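The chain contents come next:
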Amino acid sequence: QVQLVESGGGLVQPGGSLRLSCAASGRSFSTYAMGWYRQAPGKQRELVAAIASSGRTVYPDSVKGRFTISRDNAKNTVYLQMNSLNSEDTAVYYCHVDVEGFQYWGQGTQVTVSS
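Residues numbered from 1 in each chain as written. Predicted model: local features only at pLDDT ≥ 70, side-chain atom pairs only at ≥ 80, totals over all residues. Heavy atoms only, no water.

Focus: the pattern of salt bridges
Working step 1: Summed over the entire model, instances satisfying the criterion amount to 4 salt bridges.
Working step 2: The salt bridge involving Glu46 is made with Arg38; its shortest N-O contact spans 2.7 Å.
Working step 3: Owing to a relative accessible area of 35%, Glu46 belongs among the partly exposed residues under this scheme.
Working step 4: Exposure remark for Arg38: the relative accessible area of 6% places this residue in the buried category.
Working step 5: Its salt-bridge partner being Lys64, residue Asp61 comes within 3.4 Å of it at the nearest N-O pair.
Working step 6: For Asp61, a relative accessible area of 66% gives the class exposed.
Working step 7: Through salt bridges with shared partners, a single network forms among Arg38, Glu46, Arg66 and Asp89. (Salt bridge = Lys/Arg side-chain N within 4 Å of Asp/Glu carboxyl O. Buried < 20%, exposed > 50% of the residue type's maximum accessible area, 1.4 Å probe, protein only.)

Here's the deal with the packing of aromatic side chains
Working step 1: A complete count under the given rule lists 2 aromatic pairs for this structure.
Working step 2: Between the aromatic rings of Tyr37 and Trp105, the centroid separation amounts to 5.0 Å while the plane-to-plane angle is 70°, which identifies the pairing as edge-to-face. With Tyr37 in strand β4 (residues 34–39) and Trp105 in strand β10 (residues 102–105), this pair connects stretches of sequence that are 68 residues apart.
Working step 3: Where Tyr94 meets Trp105, the ring centres are 6.4 Å apart and the plane angle is 90°; that geometry is what we call edge-to-face. Of this pair, Tyr94 sits in strand β9 (residues 91–99) while Trp105 is found in strand β10, placing the two residues 11 residues apart along the sequence. (Phe/Tyr/Trp six-rings, centres within 6.5 Å; stacked < 30°, edge-to-face > 60°. Helix = DSSP H or I, 4+ residues; strand = E, 2+ residues; numbered from the N terminus.)

Structural data, given as structure tokens:
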């Protein structure tokens, strides 16, 4: 059974940093792209970072240069380093993987940027 468990969220001041982790279990994910999404209140869920099995990464303009996604295939874990956080980054952050057409999501971790 595929399971994704996020951790690392919390309250941070504007300009601060957080590192999110997503521990995957149930199978190896080394051959699949994985991603981080976020959903703020009243808004649609949006992609914030994705990483292919090759290590190639994709970011939207809103986080480019501030967020970095990485993966450790030996640990079946994907990370999201978030720097220079601002209030617009406040959201629930979700880990995602598409395994042969099946979509898997974690339970989400709350990130709140506030002074």
